[in-house]
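Spelled out, the chains give:
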Amino acid sequence: MTAISPAAQFAPPTRDRRLLLGVFAVMGLVMAVWGTRMPSVQRVANLGTGHLSLVLLGAAVGMVAGLQLGGRLADRHGPSRLLVVPAVVFGLALALLGQCRTLPTLIAAAVVFGFAHGLLDVGCNVSAVHCEIAFQRSIMSGLHAAYSIGALCGAALAAVTTWMSHEVLFAMVGALTVLAAVTAVPAVRTATSLDHAPERSEAVPDEVKPAQTFHASVWLLGALAAACLLAEGAAADWSAVHLHSLHSSEATAAAAYALYSAAMAAGRLAGDRLTGRYGAPALVRAGATLAAAGLGAALIAGSAPAALLGWMALGAGLSTAMPALITAAGRGGPRAVGTVATIGYLGLLAGPAAIGAIASLTSLTTALALLVVLTATVAVVSHRALESR
């Protein structure tokens, strides 16, 4: 009998990983293009702030519905089924958003856009969990880095095409998204690791765990995801305002979120290697501690240079948190991923409004201190939540 070499017994599904890298990157690019050109949508449709908030609410409602349905569909039919059709609808909905001129049509298109985003988010994250198990090492952080890099590219694309109407840009990016999804069909059909996670002997099957304990752990992971994404939403909407309140120039104020995003992307690129060396619980705890200490020190210092460093620390510190939380949730199945993602995105959506409400009653510095409290809580609690999975 011919002996089988270890290399032949274990062949990591690198093609599946490349496919997921592309999906994450395209999703980040589309979301950045949509968000960055939002003022153009508002101007062309003649929307006030309140009306624009209704459009965003429509996208949020659609996304929550997509996340919940996506968890059930992925559980029943496999997550790879959610990588192509939702991506096509995602791209078409972006193009449609560029053509809408009235509030009702914008809300309707935003609901479809958010719904497709939710389905695609669950599909790629559950597939990523299965692919990571097949790799037998951490790859989730690198996949989420692809999303961050895609978002940076999308923001840069929107910035260098300001001479182009958002209608044309949305149509162009939407068409490229549809083309990418159709081109990916053969890779999705031949994927070997996206729909089924290999059994791991050391894992305790979820069905033998007490149901109450299992559900409690999912809700805890969701609460931690909400805290992390609340901070991410606050960085997107309030970092520039924070720098402006410190009498910075507009260019310096705009650099705050760019530095935050770059630090998060860099952290995620290094995250898989660090996770393999130190483990996810220790890495997330150390990162959240860095985030809390860095932003807290910046708020106390009250200067523009300190603030820039503080937002960088927040981005770097939280860079590996969401990938680790998604990996932990994924071991509970697709529905657990959908639940954790839903709770997390509720934090992302509620974060900017919560910061604004607190700032209006106190001060922006006091409101941003909420992020310090939340990231410190993640540092304290995350180790137990991740170890329990």
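Because the structure is predicted, anything quoted here is derived from the model rather than measured.

**Some words on the overall build of the protein chain**
If you tally the helices and strands in the protein chain, you get 16 helices and zero strands. Counting only C-alpha atoms and orienting by the principal axes, one finds that the protein chain spans roughly 75 × 45 × 35 Å. Considering the protein chain as a whole, with its 389 residues, one finds that 51% of them fall into the buried category. Within the protein chain, contacts between residues at least 6 apart in sequence are counted, and of these 85% link residues at least 24 apart. Accessible area of the protein chain: about 17300 Å², with a carbon and sulfur share of 67%. Here the protein chain holds 21 positive side-chain charges and 15 negative ones, and the gap between their average locations is 3 Å.

**Notes on the packing of aromatic side chains**
Tallying each qualifying case throughout the model produces four aromatic pairs. Ring geometry for tryptophan 34 against phenylalanine 113: centres 5.7 Å apart, planes inclined by 55°, an arrangement best described as tilted. Of this pair, tryptophan 34 sits in helix α2 (residues 14-36) while phenylalanine 113 sits in helix α6 (residues 103-135), and the two are 79 residues apart along the sequence. Overall, the relative accessible area of 2% leaves phenylalanine 113 in the buried class. Between phenylalanine 90 and phenylalanine 113, the aromatic rings sit 4.8 Å apart at their centres with planes inclined by 20°, giving stacked as the arrangement. Linking phenylalanine 90 in helix α5 (residues 85-99) with phenylalanine 113 in helix α6, this pair joins segments that are 23 residues apart in sequence. Each member of the pair, phenylalanine 90 as well as phenylalanine 113, carries the same accessibility label: buried. An aromatic cluster of three or more residues is present, and its members are Trp34, Phe90, Phe113 and Phe170.

**Section: the packing of helix α7 (residues 140-160) against helix α11 (residues 250-278)**
Remark: α7 packs on α11, axes separated minimally by 7 Å, with the N-to-C direction vectors making an angle of 155°. When the interaxial angle is binned, α7 and α11 end up roughly antiparallel. Between α7 and α11 the crossing geometry is left-handed. Contacts between α7 and α11 pair Met140, Ser141, Gly142, His144, Ala145, Ser148, Ile149 and Leu152 from the former with Ser261, Met264, Ala265, Gly267, Arg268, Leu269, Gly271 and Asp272 from the latter. Its residues assigned to classes, the contact of α7 with α11 shows seven nonpolar, seven polar and two charged.

**Description of helix α4 (residues 49-77)**
Helix length check: α4 (29 residues) gives 41 Å between terminal C-alpha atoms against 42 Å at 1.5 Å per residue, within 8%. When α4 is considered as a whole, its buried residues turn out to be Leu52, Val55, Gly58, Ala59, Ala60, Gly62, Met63, Gly66, Leu67, Gly70, Gly71 and Ala74.

**Quick word on a nonpolar patch on the surface**
A surface patch of nonpolar side chains, amounting to about 260 Å² of accessible area, comprises Leu54, Leu57 and Val61. Locating leucine 57 in the fold gives a position in helix α4.

**Here we look at the side chain of threonine 161**
Looking at the secondary structure, you find threonine 161 in the loop between α7 and α8 (166-183). There is a polar contact of 2.6 Å between the side chain of threonine 161 and the backbone oxygen of leucine 157. If sequence neighbours within four positions are ignored, threonine 161 has contacts with Arg37 and Leu169.

**Considering the pattern of salt bridges**
Enumeration according to the criterion identifies two salt bridges in this entry. Here aspartate 75 ties to arginine 335 by a salt bridge, and the two come within 3.5 Å at their closest N and O atoms. Of this pair, aspartate 75 sits in helix α4 while arginine 335 sits in helix α15 (residues 334-361), and the two are 260 residues apart along the sequence. Ionic pairing is found between glutamate 167 and arginine 101, a salt bridge with its closest N-O pair at 2.5 Å. Note that glutamate 167 is positioned in helix α8 and arginine 101 in the loop between α5 and α6, a separation of 66 residues in sequence. Of the residues examined, glutamate 167 reaches a relative accessible area of 15% and is grouped as buried.

**Some remarks on the nonpolar core**
Core analysis: the largest hydrophobic core is formed by 111 residues, its most contacted members being Trp34, Leu83, Trp311, Leu314 and Leu371. If one sorts the elements of this core by residue count, α6 sits on top with 16 residues. Not counting residues within four places of it along the chain, the set of residues in contact with leucine 83 comprises Leu19, Leu20, Val23, Leu120, Gly123, Cys124, Ser127, Val188 and Leu194.

**A word on unusual backbone geometry**
Within the chain, asparagine 46 stands out as a residue other than glycine whose phi angle is a positive 55°. Positionally, asparagine 46 belongs in the loop between α3 (38-44) and α4. A positive phi angle, near 65°, is found at glutamine 136, a position not held by glycine. Relative to the elements of secondary structure, glutamine 136 occurs in the loop between α6 and α7.

**Focus on the environment of valine 41**
One can find valine 41 in helix α3. Taking the C-alpha atoms as reference points, valine 41 and histidine 166, separated by 125 residues in sequence, lie 7.2 Å from one another. Ignoring any residue separated from it by four or fewer positions in sequence, one finds valine 41 in contact with Trp34, Leu106, His166 and Phe170.

**Quick notes on α11**
Its 29 residues place the ends of α11 40 Å apart at the C-alpha level, agreeing with the 42 Å of an ideal helix rising 1.5 Å per residue. Maximal helix bending in α11 amounts to about 45°, located at glycine 271. One or two steps after α11, the chain reaches glycine 279, where phi turns positive at roughly 90°.

**Re the packing of α5 against α8**
Across the interface, α5 lies against α8 with an axial gap of 8 Å and an inter-helix angle of 170°. With respect to each other, α5 and α8 are oriented roughly antiparallel. Here Ala87, Val88, Gly91, Leu92, Leu94, Ala95, Leu97, Gly98 and Gln99 of α5 come into contact with α8, specifically with His166, Glu167, Phe170, Ala171, Val173, Gly174, Thr177, Val178 and Ala181. Among the residues forming the contact of α5 with α8, the class breakdown is eleven nonpolar, six polar and one charged.

Cut-offs and rules
Residue positions are given per chain, counted from 1 along the sequence in the order it is written. Given that the model is predicted, a residue must reach a pLDDT of at least 70 before its local features are reported, and side-chain atom pairs must reach 80 or more before they are shown or counted; all residues, however, enter totals for whole chains, interfaces and linings. To obtain the side-chain values, all non-hydrogen atoms of the structure were included, while hydrogens and water were left out. Here a strand is any run of E in DSSP of at least two residues, a helix any run of H or I of at least four, and the numbering for each starts at the N terminus. Each residue gets one of three labels from its accessible area relative to the maximum for its type: buried under 20%, exposed over 50%, partly exposed in between, using a 1.4 Å probe on protein chains only. What makes two residues a contact is simply this: any of their non-hydrogen atoms within 4.5 Å. In short, Shrake-Rupley with a 1.4 Å probe defines the accessible areas, and a residue's cover is counted only from the protein chains shown. Counted as positive: Lys and Arg. Counted as negative: Asp and Glu. His and the chain ends are not counted at all. We put the charge of a Lys on NZ, of an Arg on CZ, of an Asp on CG and of a Glu on CD. Think of it this way: a Phe, Tyr or Trp ring, Trp meaning its six-membered ring, pairs with another when their centres are within 6.5 Å, and the plane angle makes it stacked under 30 degrees, edge-to-face over 60, tilted otherwise. Only the contacting stretch of a helix is used when fitting its axis, a line to C-alpha atoms as for every element, and angles between N-to-C directions run 0 to 180 degrees. The labels follow the angle: roughly parallel below 35 degrees, roughly antiparallel above 145, roughly perpendicular from 65 to 115, and oblique for the rest. Handedness of a crossing is defined here by the sense of rotation of the near helix relative to the far one, left-handed for an anticlockwise turn of less than a right angle and right-handed for a clockwise turn. Basically, the charged four are Asp, Glu, Lys and Arg, the nonpolar ten are Ala, Val, Leu, Ile, Met, Phe, Trp, Tyr, Cys and Pro, and anything else, Gly included, counts as polar. Given the number of residues in a helix, its expected span is that number minus one, multiplied by 1.5 Å. What goes into a patch is any residue over 30% in relative accessible area without a salt bridge, connected to like charges within 9 Å or, for nonpolar side chains (Val, Leu, Ile, Met, Phe, Trp, Tyr), within 5 Å. A pair is scored as a salt bridge if a Lys or Arg side-chain nitrogen falls within 4 Å of a carboxyl oxygen belonging to Asp or Glu. Within 3.5 Å is the distance limit for a polar contact, defined as a pair of N or O atoms, with the added protein rule that one can donate a hydrogen and the other accept it, and that residues adjacent in sequence qualify only through two side-chain atoms. We define the nonpolar core as a collection of buried residues of types Ala, Val, Leu, Ile, Met, Phe, Trp, Tyr and Cys that are connected through side-chain atoms lying within 4.5 Å of one another. Bend angle per residue: angle between axes fitted to the 7 residues ending at that residue and the 7 residues starting there.

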